[in-house]
Amino acid sequence: MSSVAQRASLDAVRPYGDHLDDGLVQLSFTLPVDHGPLAREAALALVRDKMGLIKPEIVHAKPLTPGYTYFVLFAQCQHAVDCDRLAAVRTATRAMSEEEVDAFVAERLGRPIVVIGASTGTDTHSVGIDSILNLKGFDGRHGLEAYHWFRAHNLGSQVPNTALLAKAFDVEADAILVSQTVTQQGLHLHNLTELVELVEAEGKRRDLLLVCGGPRITDELAKELGFDAGFSKGTYPNDVAAFIAQELAARERPPVDAAAPEL
Amino acid sequence: MRIGDAIAPAARVALVGLAKNTGKTVALGAILAELEARGETIGVTSIGRDGEATDAIDDAIAKPPIHLPPMALVATTDRLLERSAARTEVALPTDHRTPLGRVVIARLLERGTVEVAGPVAAQDVGDVVETMRRLGAERVLVDGSIDRRAGASPRLADGVVMSTGAVLSADLDQLVRRTRAAAELMTLPAVEDAALRARAAELRTSALLLEDGEAVPLETAIVHDRVEAIVPLLRGRADVQALVVRGALCEPLLEQVARARRGRATLAIADDATRVFLGRGTCARHRARGVVLAVLHAIPLLAVTTNPVAPLRHRFDAAELRERIARELPGVPVLDVLADAPVPA
Amino acid sequence: MRSKLALDAGLVRSCRAAAARVAAQVAEATAGRSSVAVERTVARMLGVDGVDPHDVPLPNALVDHVAELDGLPRGVAAWVGNAMVATERTAAEVAAAVGAGELSLGELPWAEREPIERAIADAHAATIAAMRARCAERDALRERLGEQARPHRYVLTATGNVYEDRDHALAVAEAGGDIIAVIRSTAQSLLDFVPFGPTTEGYGGTFATQANFRIMREALDEWSRANGRYVRLSSFCSGLCMPEIAAMGAAEGLDNMVNDALYGILYRDLNIQRTMIDQRVSRAVNGRFGIVINTGEDNYLRTADAIDAAPSVVASQFINYFLARDCGVPDAQIAIGNSFEIAPSVENGLLYEWAHAQLTRELFPECPVKYMPPTKHMDGNLFMTHACDTLFNLITVATDQEIQTIGIPTEGIFTPHIHDRVLGMECSNYVFTAARSLADEIEFKPDGFIVRRAHEVLREAHAMLEEIVEIGLFAALERATFGDVSRTLEGGRGADGIFDVASDYLNPLAGAVEAPAGV
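Quantities reported herein were computed from a predicted structural model and do not represent experimental measurements. (Residues numbered from 1 in each chain as written. Chains lettered and ligands numbered in written order. Predicted model: local features only at pLDDT ≥ 70, side-chain atom pairs only at ≥ 80, totals over all residues. Heavy atoms only, no water.)

Draft legend 1. Seen up close, the overall build of chain A. When you go through chain A residue by residue, the secondary structure sums to eight helices and eight strands. Across the 263 residues in chain A, those meeting the buried criterion constitute 48%. Nonlocal contacts in chain A, meaning residues at least 24 apart in sequence, comprise 65% of its contacts between residues at least 6 apart. Surface summary for chain A: the accessible area is close to 12,700 Å², and the carbon and sulfur share equals 55%. (Helix = DSSP H or I, 4+ residues; strand = E, 2+ residues; numbered from the N terminus. Buried < 20%, exposed > 50% of the residue type's maximum accessible area, 1.4 Å probe, protein only. Contact = heavy atoms within 4.5 Å. Areas by Shrake-Rupley, 256 points an atom, 1.4 Å probe, with all protein chains shown as cover.)

Quick look at the structure:
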């Protein structure tokens, strides 16, 4: 037997419990059914027959109030994903550090980039936008305020879209950053689309990069919302800065050969 | 009436949803199926994304694929085209950049499914629409996204199909009211007085038009941010003929106008309905307070589609929903495309 | 209560004196002014409710109408009273006619002052009597059934649908919850109106409406009777409708209310003066009808460093306490806010928390302090959140807190699900049972970490209070004294809803503010 644990190949990845390909997952959920044998059978059937998991085991079940039962289960996932194929659709922005971004802007644009950011509408969470824009940044990486070639304006939280736009025109922003908490129910989606629509109504969409960020925001969602990019958890200020810098550079001088990479 | 008949007068058709999951993609599918049967050459672009397998927020919600006929033109991105199963050729690459890659206009060489994802900015969408027309599309469909209305601008489209659905509200009365309000907003009437319309169209900035032909320009800040500054400009003036906003006309400004005018009728003019932003209020409420909305360019509402199902939540009776909406919108074809004309699988 | 921290009684007295002066300065600065929210509350207290044909709440339609006549300085009561005299209608009928566009108050001739005042006094007295009856019923039920030992567990629900909230509330009651609060829909605090009717869809929560209050209270009354234990209902008198929601709560027999102008100023960017004017009436109503108010100092520790900001929390607690006392709220109804927010990575973080929690407890011995769980550093690692909540529960019981908002494993992720709340309750139940008499057993080392830390915080709080007396609360807010947030006197939402009252201003509630508590 080999002394080294077997490593997964990236074309068929499954959950891992304590040995490769065991597919172990833990689940917890409530069923709107009275506690009892029927509820247990329902939970098992749901996991086994509908969720694509095998060997479900209920390790905990508890009545919450008449009509509701809570379960904790373990089960095995038989499916696998191909990581190589997933990578094909990710964005083409080249990763850059703070220094690299500044050098790139100096060389390619030769002028400071003006960005303005806010958490818009009724969203009271400003942590996201603060960590990207404020001097302090987070996790030891500076926010855009610290960049030599960026002029960052942070309007804070609960900023009406119209106020953000008025200020963006005022400072002649190149890019608007908004952070937003998007929940499963689509909370705050309307705030994001409204900003895009306002920019369109003002006839300024081509002059502004629109970037959104938040826990559930992906590039796919950003495209639907009408933004130029979407950033989620795990994004650092330099990621956002790299995108803005490279995108502005690409827009200022569209490459002659449309198929060639711009960097 | 079938949806193909409803859109017949418009060469460029915009599809707009009132929210996510109101059945816009199903409506698009129904239109495509009917146009295919008529043998039309079709062009399709989307200001969002269409034909994806699952919802971008809730991946438990499966989305219908978009079946396109052979020779159809579709705006998509280089990266999405790479993973599409249909046989296609690139008719024209473009410089339009999106979060999902660079936009290309592709032609289908066989019947198949492709994720539709055109340019993000409305102006760029206009370019793509014109390009598709040049490349031979007899009819171009501009699909919207979530609740965005920009695609319905008269600059891009000759008419709009609006999709409403159960997802708007679990309360049927509320759903009907919201749909009526949205339809009323979308179909704001054009300014009747030709002279006034000409004067408004000439303005380069937002302004108050006075009876004597003079125009008092308004700063952008007053229109968007410091809206209360309009009150002293309006108070006590009997000679204001209209408020004209070039750009976005938003509710807070209308509220201040009503406050300043104290019930005296005031005409507020925007370029078109996609530039008017009402929050809580409806056109009817503003009218009741004396503010009448009008536009320079009206948008023909070609049809309204109804979707009785709110995914993973609730559903209404399909016939009742369609009936209720139809009663509120006389003269507009109201269709449930799934019930009326099942989309071929 | 004997001080385990051996606090300097003279220093505490000095803090109280300073805070009392700050509160008096605020009262002086806002005297002679009213707001649209106060006027809408007056309308409600005259019996006005419901919506007009455009779904605008009638109190708003009425106040907007009077504002358009430039008539607010006389008080909406004067206009309604005059219409009641002239048209022989009730206040509710007058408002409905105004809302329908059938009646313009500006077209009626002015009656004599005396019949107007009589009409208003009668209408107001009828509403007060109904509220008093509802609250007496509440008190009787609470008295008869009894409640659990303290700390009382305060649990939130936030589904967006009041009927789902009702089921969540029952599950939480089943698990041992003592107080249920339905979180409001996102940013209801920014709405300058209170929505009408039951809510079945909301984002991030469920609107506070009078109908929702009734639905929730009825369900809890039923559960309380069936299970022989009274469960309380709480909501939020904060935002641009502070006093209106207080009136609605009194009408429906609510037990507790979050009620803090400073929170609205700092975290909702409400105009300082507007919300202080609103708070005065709001707290007066809550005080009068036996509703416990909660303040929001806990939030400062979310936006500022939880160790550095500890003195500002104490300073604010003193000020908020006197702002409440000034409105006639008795000590037993002032639930001062505090929280457990120190980063889990801080060495001896638990000792700091112990010092801060014990200090607040000892500074407000007659008040039911409300202790809040960790949130700032809680993230997607729900198991870590559960671990932090366990220590939070330990401090809660070891420092004799009276109200505890329970910690929930998933609160760093989303609006928690029904079972997440029950998991939070289970953890709280476990610790409270296992450590029930811990507080009685504990003495602190006189020169130990906890005692020294408590003294240090009190000293710094005292210095802050001395400074605030000098510059005034408003300037202190501008200097970001609380929560690292700066607010200006003229900035913020709702400033356009303030007005100076005229010499003939009529407001039947005016007396309520000066009346002693518990009347």
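Draft legend 2. Expanded view of the interface of chain C and chain A. Contacts between chain C and chain A engage 22 residues on the former and 16 residues on the latter. Taking both partners together, chain C and chain A bury about 1,600 Å²; carbon and sulfur atoms supply 56% of that area. Between C:Glu426 and A:Lys62 there is a salt bridge, with the nearest N and O atoms lying 3.1 Å from each other. Linking chain C to chain A there are three residue pairs in polar contact (both at pLDDT 80 or more). Counting residues per element, the ones that place at least two in the side of chain C that touches chain A are helix H7 (162-174) and helix H16 (418-434) of chain C. Here the side of chain C that touches chain A is built from residues that sort into ten nonpolar, five polar and seven charged. (Buried area = accessible area lost by both parts, 1.4 Å probe. Salt bridge = Lys/Arg side-chain N within 4 Å of Asp/Glu carboxyl O. Polar contact = N/O pair within 3.5 Å; in protein donor to acceptor, adjacent residues only side chain to side chain. Nonpolar A, V, L, I, M, F, W, Y, C, P; charged D, E, K, R; others polar.)

Draft legend 3. Geometry of the domain arrangement of chain A. According to the domain assignment, chain A contains domain 1 (8-89) and domain 2 (94-252). Here domain 1 of chain A and domain 2 of chain A have C-alpha centroids that lie 37 Å from each other. (Domains from an automatic or database assignment.)

Draft legend 4. Examining the confidence of the model for chain C more closely. For chain C, the average pLDDT comes to 93, and 98% of its residues sit at 70 or higher. Note on residues 512-519 of chain C: pLDDT under 50 across the span, and 13 contacts to partners over four residues away in sequence or across chains. (pLDDT = per-residue confidence, 0-100.)

Draft legend 5. Just the side chain of A:Ser119, in detail. All names here are of chain A. Mapped onto the elements, Ser119 comes out in strand E4 (residues 113-119). Judged by its relative accessible area of 0%, Ser119 falls in the buried class. Engagement of the side chain of Ser119 in a polar contact is seen with the backbone oxygen of Ser179, the distance being 3.4 Å.

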